[in-house]
Amino acid sequence: MAKKIKRVVKLKLNAGKATPAPPVGTSLGPTGINLAGFCKEYNDLTRDKVGTIIPVELTIYEDCTYSIQLKTPPTSSLLKQAARISKGSGTTKRDIVGTITKTQLKDIAEIKMPDLTAASLEAAMSMIEGTAKSMGIKVTDD
């Protein structure tokens, strides 16, 4: 018999650096799961990606057990990392704060493909290019 789901929690945490302190403790404390156990498991799963934000979808069951599903990093984080900027533009139509190449755009699209609803890599690239433009990042040819 399948376990009954109590709650599904989505968190964005720094890879390899989760602690039982907020935001983890505040979000998961009321659910009754073992916070230290979750943090250790999450940190072990994301140890090779330290410095990146890795979203996690946590399915919590009635018996206080849980399953972890890691997602791909947010598109904005990947774009900021590729463009080597700390934040996007406040006025995207006027201020260009960084540039990336089509190759970098393709690499980001390949990373994001599992979490996107795009039917093809070209469609994924188009979605990510739109996010880049809204952040004030210009996409140039190689």
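Undergrad: Hey, could you run me through helix H4 (residues 102-112) in this one?
TA: Side chains three or four residues apart in an α-helix point the same way, a direct result of the helix having 3.6 residues per turn. All of the buried residues in H4 are Leu105, Ile108, Ala109 and Lys112. The buried residues of H4 occupy an angular sector of 100 degrees when the element is viewed end-on, so they sit on one face. The inward-facing, buried residues of H4 contact helix H3 (75-83), strand E4 (98-101), helix H5 (121-135) and strand E5 (137-140).

Undergrad: Whenever I open this one, the packing of aromatic side chains confuses me. Can you help?
TA: The description of an aromatic ring pair uses the distance of the two centres, along with the angle that the planes make with each other. A complete count under the given rule lists 2 aromatic pairs for this structure. Relative to tyrosine 66, the ring of phenylalanine 38 has its centre 6.1 Å away and its plane inclined at 80 degrees; by these criteria the two rings are edge-to-face. Residue phenylalanine 38 is found in helix H2 (residues 35-46), and its partner tyrosine 66 is found in strand E3 (residues 66-70); the two are separated by 28 residues along the sequence. An aromatic cluster is present here, built from Phe38, Tyr42 and Tyr66 joined pairwise through their rings.

Undergrad: How should I be thinking about the pairing of E3 in this particular structure?
TA: If a strand is regular, its side chains alternate between the two faces of the sheet. Two elements, strand E2 (residues 53-61) and E3, share 5 bridges in a ladder whose sense is antiparallel. What sits directly across from leucine 58, in E3, is isoleucine 68. Between E2 and E3, which pair antiparallel in sequence order, lie 4 residues; one of them, cysteine 64, sits at a positive phi of approximately 65 degrees.

Undergrad: Is there a simple way to think about the packing of H3 against H5 in this case?
TA: Direction vectors running N to C along H3 and H5 enclose 70 degrees, while the axes themselves pass 10 Å from each other. Taken as axis vectors, H3 and H5 run roughly perpendicular relative to one another. Crossing hand, H3 versus H5: right-handed. Seen from H3, the contacting residues are Thr75, Ser76, Leu79 and Lys80; seen from H5, they are Ile128, Thr131, Ala132 and Met135. Of the residues in the contact of H3 with H5, the class split is 4 nonpolar, 3 polar and 1 charged.

Undergrad: Teacher, can you tell me more about the sheet that holds E3 here?
TA: For sheets, the rule is that strands pair by backbone hydrogen bonds, running either parallel or antiparallel. Spatially, E1-E2-E3 is the arrangement adopted by the 3 strands of the open sheet, whose pairing is antiparallel. Across the chains shown, the open sheet's two edge strands, defined by having one partner strand only, are strand E1 (5-14) and E3. Across the sheet, the mean angle from the axis of one strand to that of its neighbour is 20 degrees, orientation sign disregarded. Across the sheet, H2 is in contact with E1, E2 and E3; its angle to E3 comes to roughly 30 degrees.

Undergrad: Even after reading the chapter, I still don't get the nonpolar core, so can you show me in this structure?
TA: As a rule of thumb, soluble globular proteins bury nonpolar side chains together. Ranked by size, the top nonpolar core spans 17 residues in total, and within it Leu79, Ile100, Leu105, Ile108, Ile128 and Ile137 carry the most contacts. Among the secondary structure elements, those contributing two or more residues to this core are H3, H4, H5 and E5. Ranked by the residues each element gives to this core, the list is headed by H5, at 5 residues. Not counting chain neighbours up to four residues away, the residues in contact with leucine 79 comprise Ile100, Ile108, Ile128, Thr131, Ala132, Met135 and Ile137. If you look at the next biggest cluster of nonpolar residues, it comprises 16 residues, including Ala15, Ile33, Cys39 and Tyr42.

Undergrad: Mind showing me how you'd approach the packing of H4 against H5 here?
TA: Remark: H4 packs on H5, axes separated minimally by 9 Å, with the N-to-C direction vectors making an angle of 110 degrees. Taken together, H4 and H5 sit at an angle that is classed as roughly perpendicular. Of the residues in H5, those in contact with Lys102, Leu105, Lys106, Ile108, Ala109, Glu110 and Lys112 of H4 are Leu121, Ala124, Met125, Ile128 and Glu129. Partitioned by chemical class, the residues of the contact of H4 with H5 number 7 nonpolar, no polar and 5 charged.

Rules used throughout
- Residues numbered from 1 in each chain as written.
- Predicted model: local features only at pLDDT ≥ 70, side-chain atom pairs only at ≥ 80, totals over all residues.
- Heavy atoms only, no water.
- Buried < 20%, exposed > 50% of the residue type's maximum accessible area, 1.4 Å probe, protein only.
- Helix = DSSP H or I, 4+ residues; strand = E, 2+ residues; numbered from the N terminus.
- Arc of directions from axis to C-beta.
- Contact = heavy atoms within 4.5 Å.
- Phe/Tyr/Trp six-rings, centres within 6.5 Å; stacked < 30°, edge-to-face > 60°.
- Pairing = 2+ DSSP bridges.
- Axes fitted to C-alpha atoms, helices over the stretch in contact; angles between N-to-C directions.
- Parallel < 35°, antiparallel > 145°, perpendicular 65-115°, else oblique.
- Left-handed = near helix turned anticlockwise from the far one by under 90°.
- Nonpolar A, V, L, I, M, F, W, Y, C, P; charged D, E, K, R; others polar.
- Core = buried A, V, L, I, M, F, W, Y, C linked by side-chain atoms within 4.5 Å.

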